[in-house]
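Listed below are the residues making up each chain.
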Amino acid sequence: MVGNSNLKKWKFSLHKSSPAPEKTKPKSQPKPLDEFICPISGSLMFEPVVVSSGQTFERRSVEVCRKLNFIPLIDGSKPDFSTVIPNLALKKAIRNWCQSTGADLPCDAPDYSSVNDSVTKLMLKSSECDGDVRFRVSERDLIAKMAEKPAVVLTHAQTQLNPRSVYHNRFYSSSSEESVIANVPDTPPLPLVTRPLCYSSSPSASTSSEVLVDETETLDNSSTSDEQSFVTKLQNVDVFEQEQAVILLRKVTRTDEEARVSLCTPRLLATLRQCVSSKYVVVQTNAVAALVNLSLEKTNKLKIVRSGIVPPLIEVFKSGCSESQEHAAGALFSLSLEEENKTAIGVLGALQPLLHALRSDSERTRQDSALALYHLSLVQSNRVKLVKLGAVSTLLTLLETGLAGRVLLVLCNLAASSEGKSAMLDSNAIECLFQKLRNEMVDSNESTRENCVACLYSLSIGSMRFKGLARAARATEVLRVVEETGSERAREKAKRMLMMLRERDDEEGRDWDALLEGGMTQSRYRGISTEF
């Protein structure tokens, strides 16, 4: 026993060892759309916001750029971070995409330090680039593409009959597909102006805010064609120098088309945006007037909106003088002619100031604001916004004013959407339009009468309420007069509405109980005959 005391005791375990877990490959995340990625942070956006220039970024990225006083170059242009609007539609789209693909939904805003690092890298990269390039590559491509497009010939309200038949010789907007279309012979549309009323190519049309400038400076070609010279003078701390520079810029761009294109650079637009926000009347008025002149060139329209000029123009409506507001309305009208600007102008909040401007004391402001609303309402998203702003009741009250012709154009576009049609039917638009139609038969204004008929025709399509409201407004007798004496388009639409009303009258005149009972009797006889 003593000898066994030094023996070691061995313990054996009877439990089986569990096998080593297999290494699972990490699940690959689906690649998100480019629209879901912030151009600055490079990550999926948690709280996307739209800035004044119409671009969308992560809110944290905008905050960091503001703090560092840095504006990055995104796709050839610099965004304007002065105004931030939550992009709820994109946020919802990102959430839906994450749910459908199983991707991880961002639960919080990106870390401040990581975004700060991304912005710092962009700042270093920007400092290495040449900052004196007049046009970036993307801007050259944009100008080339826009130059290839045919010239815009604006026409009658988009509810005109058969707009597709004139595609071969006129510019056809994609937004016009939402308008009312009927297969009838085409007739020439009524023309609309393409330049604001505040614009005049005549030097003698100077307004009170445009004081005289030294003629030697005007004759100096080098000073009028050099963009750097204008930027330097407009940034001068001396208000008098700013006034002289902005007045000269207005005169140069009034008639010189080449100068409008060469001077419309991101640097000059950024400087001009500060002048539009100036508290000095002469500086502000002439800056907005110069902006109208620059916007006359098609290649400039998109660049101006992307430069963030729309929010300062909206502020002019709120606090500017009467002449500044005239030019601001003209600028928004001119910019709204570009298809790609329509949605951005509506998102940036221009619709409500334009509606308010319809009651302005200035005839120019009223007319250009109405035309701006007409072109903006060609887009469905702006139609919905106008309905929510209560535009229908405002427009109907203006039917008895000198603005009726252009107000009817806006109503025609609203009637082409389901939201606008419902709002108009609820606002007693049928009675107002038929009453206006009766008055125009006396005044013999063919254009206004045709627009009234076009608007009524839009409201009649697919509406079960139209017949009752039209009967209450004694529509039949008015439509018969239009069918006999109206223009070709008006006669065709009146004829269709009369046929619609007669068809519904025939349906209501039937004895449905007798028809049903007759059908049951015939089926009973068929059943009896089969039994034999």
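Right, let's walk through the structure included here. Worth saying up front: this structure is predicted, and the values here are computed from it rather than measured. (Residues numbered from 1 in each chain as written. Predicted model: local features only at pLDDT ≥ 70, side-chain atom pairs only at ≥ 80, totals over all residues. Heavy atoms only, no water.)

**As for the overall build of the chain**
Helix and strand content of the chain: 27 helices and three strands. Per-residue burial over the chain gives 47% buried out of 532 residues. Put simply, 71% of the contacts in the chain that link residues at least 6 apart link residues at least 24 apart. Roughly 28,000 Å² of accessible area belongs to the chain as shown, and the carbon and sulfur atoms make up 53% of that amount. (Helix = DSSP H or I, 4+ residues; strand = E, 2+ residues; numbered from the N terminus. Buried < 20%, exposed > 50% of the residue type's maximum accessible area, 1.4 Å probe, protein only. Contact = heavy atoms within 4.5 Å. Areas by Shrake-Rupley, 256 points an atom, 1.4 Å probe, with all protein chains shown as cover.)

**Re the pattern of salt bridges**
For the coordinates displayed, the defined rule picks out 13 salt bridges. Across the salt bridge formed by R60 and E63, the nearest N and O atoms sit 3.5 Å from each other. A residue pair is termed a helical-turn pair when its members lie 3 or 4 positions apart in one helix, as R60 and E63 do in helix α1 (residues 59–67) at three residues. Assessed through its relative accessible area of 39%, E63 is described here as partly exposed. A salt bridge links E227 to R267, with the shortest nitrogen-to-oxygen separation between them at 2.8 Å. Taken as a pair, E227 in helix α7 (residues 227–234) and R267 in helix α10 (residues 266–276) lie far apart in primary sequence, 40 residues in all. In this structure R267 comes out as partly exposed when scored by relative accessible area, which is 37%. (Salt bridge = Lys/Arg side-chain N within 4 Å of Asp/Glu carboxyl O.)

**Section: the nonpolar core**
Formed by 98 residues in total, the largest nonpolar core has its most connected members in L313, L411, M424, L433 and F434. Per-element accounting of this core gives the leading share, eight residues, to helix α20 (residues 404–415). Non-local contacts of L313, meaning those with residues more than four positions away in its chain, are made with V276, V288, L291, A328, A331, L332 and L335. F36, C38, F70 and V119 belong to the second-largest nonpolar core, a separate cluster that totals 21 residues. (Core = buried A, V, L, I, M, F, W, Y, C linked by side-chain atoms within 4.5 Å.)

**Topic: the sheet that holds strand β3 (residues 84–86)**
One open sheet accounts for three strands, arranged β2-β1-β3; its pairing is antiparallel. Every other strand in the sheet has two partners, leaving β2 (56–58) and β3 as the edge strands with one partner each. Strand-to-strand twist across the sheet, computed as the mean angle between neighbouring axes with direction ignored, equals 40°. When strand β1 (residues 48–51) meets β3, the two strands line up antiparallel, connected through three bridges. Within the sheet, the bridge partner assigned to V49 lies in β3 and is P86. (Pairing = 2+ DSSP bridges. Axes fitted to C-alpha atoms, helices over the stretch in contact; angles between N-to-C directions.)

**As for the pairing of β1**
Residues P48 and V50 of β1 are buried on one face, and the alternating residues V49 and V51, pointing to the opposite face, are buried as well. Joining the antiparallel neighbours β1 and β2 is a turn of four residues, in which G54 adopts a positive phi near 95°.

**So, the packing of α7 against α10**
Their axes nearest at 10 Å, the elements α7 and α10 cross at an angle of 25°. The orientation of α7 with respect to α10, classified from their angle, is roughly parallel. Judged by the sense of rotation from one axis to the other, the crossing of α7 with α10 is left-handed. When α7 is examined against α10, the residues E227, Q228, F230, V231 and L234 are found in contact with a partner set consisting of R267, L268, T271 and C275. In terms of residue class, the contact of α7 with α10 is made up of five nonpolar, two polar and two charged. (Parallel < 35°, antiparallel > 145°, perpendicular 65-115°, else oblique. Left-handed = near helix turned anticlockwise from the far one by under 90°. Nonpolar A, V, L, I, M, F, W, Y, C, P; charged D, E, K, R; others polar.)

**A word on the layout of surface pockets**
Of the pockets and cavities examined, the second largest pocket occupies roughly 740 Å³. Surrounding the second largest pocket, 27 residues form its lining, V50, S53, G54, Q55 and T56 being those nearest its centre. Those elements that provide at least two residues to the lining of the second largest pocket are β2, β3, α2 (88–101), α12 (298–306) and α15 (342–347). Residue classes in the lining of the second largest pocket are distributed as 14 nonpolar, eight polar and five charged. (1 Å grid on protein atoms, 1.4 Å probe; cavity = no way out; pocket = protein on both sides within 12 Å on 5 of 7 lines; lining within 4 Å. Points joined across faces, edges and corners; volume = space filled by probe spheres on them.)

**Brief notes about the side chain of E338**
Residue placement: E338 occurs in the loop between α14 (322–335) and α15. Within the local environment of E338, its side chain forms a polar contact with the side chain of K298, the two groups lying 2.9 Å apart. (Polar contact = N/O pair within 3.5 Å; in protein donor to acceptor, adjacent residues only side chain to side chain.)

**A look at α12**
Here α12 lies mainly inside the structure; seven of its nine residues are buried. Regarding α12, the residues found buried are T299, N300, K301, L302, K303, I304 and V305. Two residues or fewer past α12, G308 is found with a positive phi of approximately 85°.

**Focus on the packing of aromatic side chains**
All chains considered together, the criterion is met by two aromatic pairs. Taken together, a centroid distance of 6.0 Å and an interplanar angle of 65° make the contact between F36 and W97 edge-to-face. Taken as a pair, F36 in the segment before β1 and W97 in helix α2 lie far apart in primary sequence, 61 residues in all. Between F57 and F81 the ring centres are 5.6 Å apart and the planes differ by 85°, which places this aromatic pair in the edge-to-face class. Of this pair, F57 sits in strand β2 while F81 is found in the loop between α1 and β3, placing the two residues 24 residues apart along the sequence. Accessibility expressed as a relative area gives 0% for F57, which makes it buried. Taking the ring centre of F46 as reference, the NZ or CZ of K91 above it sits at 5.6 Å. (Phe/Tyr/Trp six-rings, centres within 6.5 Å; stacked < 30°, edge-to-face > 60°. Lys NZ or Arg CZ within 6 Å of the ring centre and 35° of its normal.)

**Describing the environment of R250**
Within the secondary structure layout, R250 lies in helix α8 (residues 239–255). When the C-alpha positions of R250 and L294 are compared, they lie 9.0 Å apart, and in sequence the two are 44 residues distant.

**A few points about the packing of α20 against helix α21 (residues 418–426)**
Helix-helix packing: each pair is described by the crossing angle between the helix axes and the interaxial distance. Running from amino to carboxyl end, α20 crosses α21 at an angle of 115°, the nearest separation of the two axes being 6 Å. Judged by residue contacts, L411, L414 and A415 of α20 engage G420, K421 and M424 from α21. The class makeup of the residues in the contact of α20 with α21 is four nonpolar, one polar and one charged.

**Points about unusual backbone geometry**
Of note, N428 is a non-glycine position whose phi angle comes to about 65°, a positive value. With respect to the secondary-structure elements, N428 resides in the loop between α21 and α22 (429–443). N428 gets classed as partly exposed once you look at its relative accessible area, which sits at 42%.

**Things to note about the environment of N286**
With respect to the helices and strands, the residue N286 is situated in helix α11 (residues 281–295). Relative accessible area serves as the criterion here: at 0%, N286 is assigned to the buried category. Separated by 36 residues in sequence, N286 and R250 have C-alpha atoms that sit 6.4 Å apart.

These figures come from the coordinates and say nothing about function on their own.
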